[in-house]
Amino acid sequence: MEITGISLPNTILLNNSEQTAKTLDFEKKLAEALDKVNEKQLNSEQVTQDFLAGKVDDIHQVLILAQEAKLSLELAVEVRNKIVEAYQEISRMQI
Amino acid sequence: MAFFSSFQITASALTAHRLWLDTIVDNMANVNTTRTPAGGTYNRREVVFEEILDAKTGFTGAGVRVSRIIEDTKTPYRYVFNPNHPDADPNTGLVKYPNVNINDEIVNLLAAQRAYEANVTVFNTAKAMYAKALELSR
């Protein structure tokens, strides 16, 4: 009876470390994705500035980059909505 | 992001066709040009489109680009008799005008316009598909 009591905390510890590793990985991925979205916004802004300054003469390049930035941002917002939804689902959970 | 590669392919096509448009416009602008920096009559120019291969896979298409602009020296020139013209042949009095045919250029212009429009449609479709994909999470 006492032996099983000792073996239980061991398994819990293992699970915990695995979970933290996964969380960190997810956090990193999320940060990377947000960085990419930010990069697209900055890139779009830069090309727009260049176009207005006369350095870029392809109007479609400007608009396509703007659309890319817009769609990436929308994707980021959708992911954020999902995360918030999941959080609210958990916070509503009965204990 | 791989989804945006279609945007980049469309962008390359739009850039290439804009350059084609510029070439046609240049031909039409120089329809009566008898003097060029290189000397002689203006030769009509044509673009040569080239496929871009994807750098990673090497066999997937990644768009189009204009590989070079060639001078058309095969189409016959237009000779007009005008001895008063400074560039007229002193013996015959004929002026050698460029080998640009306005009608052909107009047809090319329409083709360039339609190709550009088609690529814009492709872009809009790709955009709509992406927007639809975002609706999956709702």
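Thresholds applied
Along each chain, residues carry numbers from 1 onward, in the same order as the chain's sequence is written. Each chain gets a letter, beginning with A, and each ligand a number, beginning with 1, in the order they are written. Whole-chain, interface and lining totals are the exception, using all residues; otherwise, since this is a predicted model, local features are given only for residues with pLDDT of at least 70 and side-chain atom pairs are given and counted only at 80 or more. Side-chain numbers come from the whole structure's heavy atoms, not from hydrogens or water. Residues enter patches when their relative accessible area tops 30% and they take part in no salt bridge; the joining distance is 9 Å for like charges and 5 Å for the nonpolar side chains Val, Leu, Ile, Met, Phe, Trp and Tyr. Residue-level accessible areas treat just the shown protein chains as cover; the underlying method is Shrake-Rupley with a 1.4 Å probe. In the sections that follow, a salt bridge refers to a side-chain nitrogen of Lys or Arg positioned within 4 Å of a carboxyl oxygen of Asp or Glu. Secondary structure elements are defined from DSSP: runs of H or I of at least 4 residues count as helices, runs of E of at least 2 residues count as strands, and each element is numbered from the N terminus. Relative accessibility thresholds used throughout: buried, under 20% of the residue-type maximum; exposed, over 50%; partly exposed, between the two (1.4 Å probe, protein chains only). For this analysis, a ring pair means two rings from Phe, Tyr or Trp (six-membered ring only for Trp) whose centres lie within 6.5 Å, classed as stacked if their planes differ by under 30 degrees, edge-to-face if by over 60, and tilted for the remaining angles. Values of pLDDT, which run from 0 to 100, indicate the predictor's confidence residue by residue.

Novice: Looking at this structure, I do not really get a nonpolar patch on the surface. What am I missing?
Specialist: All names here are of chain A. A surface patch of nonpolar side chains, about 310 Å² in accessible area, is lined by Phe 26, Leu 75, Val 79 and Ile 83. Here the nonpolar patch gets 3 residues from one element, more than from any other, and that element is helix H2 (residues 59–91). With respect to the helices and strands, Ile 83 occurs in helix H2. Looking at Ile 83, the relative accessible area reads 35%, which means it is partly exposed.

Novice: Before we go on, may I ask you to explain the packing of aromatic side chains in this structure?
Specialist: All names here are of chain B. For the structure shown, the criterion picks out 4 aromatic pairs over all chains. Pairing Phe 4 with Tyr 130 gives two aromatic rings, centres 5.3 Å apart and planes at 20°, and the pair type is stacked. Here Tyr 130 lies in helix H2 (residues 102–134) and Phe 4 lies in the segment before helix H1 (5–29), a separation of 126 residues in the sequence. By relative accessible area, which is 3% here, Phe 4 ends up buried. Residue classification places Tyr 130 among the buried positions, given a relative accessible area of 6%. The interplanar angle of 85° and the centroid separation of 5.7 Å between the aromatic rings of Trp 20 and Phe 49 together place this pair among those described as edge-to-face. Residue Trp 20 is found in helix H1, and its partner Phe 49 is found in strand S1 (residues 44–53); the two are separated by 29 residues along the sequence.

Novice: Just checking my understanding: could you explain the confidence of the model for chain B for this structure?
Specialist: Atomic detail in the predicted coordinates should be set aside for any region of low pLDDT. Residue and element names in this part refer to chain B. Looking at chain B as a whole, its pLDDT mean stands at 88, while 97% of the residues score no less than 70. H2 holds the highest mean pLDDT among the elements of chain B, 92, whereas strand S2 (residues 61–72) holds the lowest, 88. This prediction of the complex comes with two scores: 0.75 for pTM and 0.71 for ipTM.

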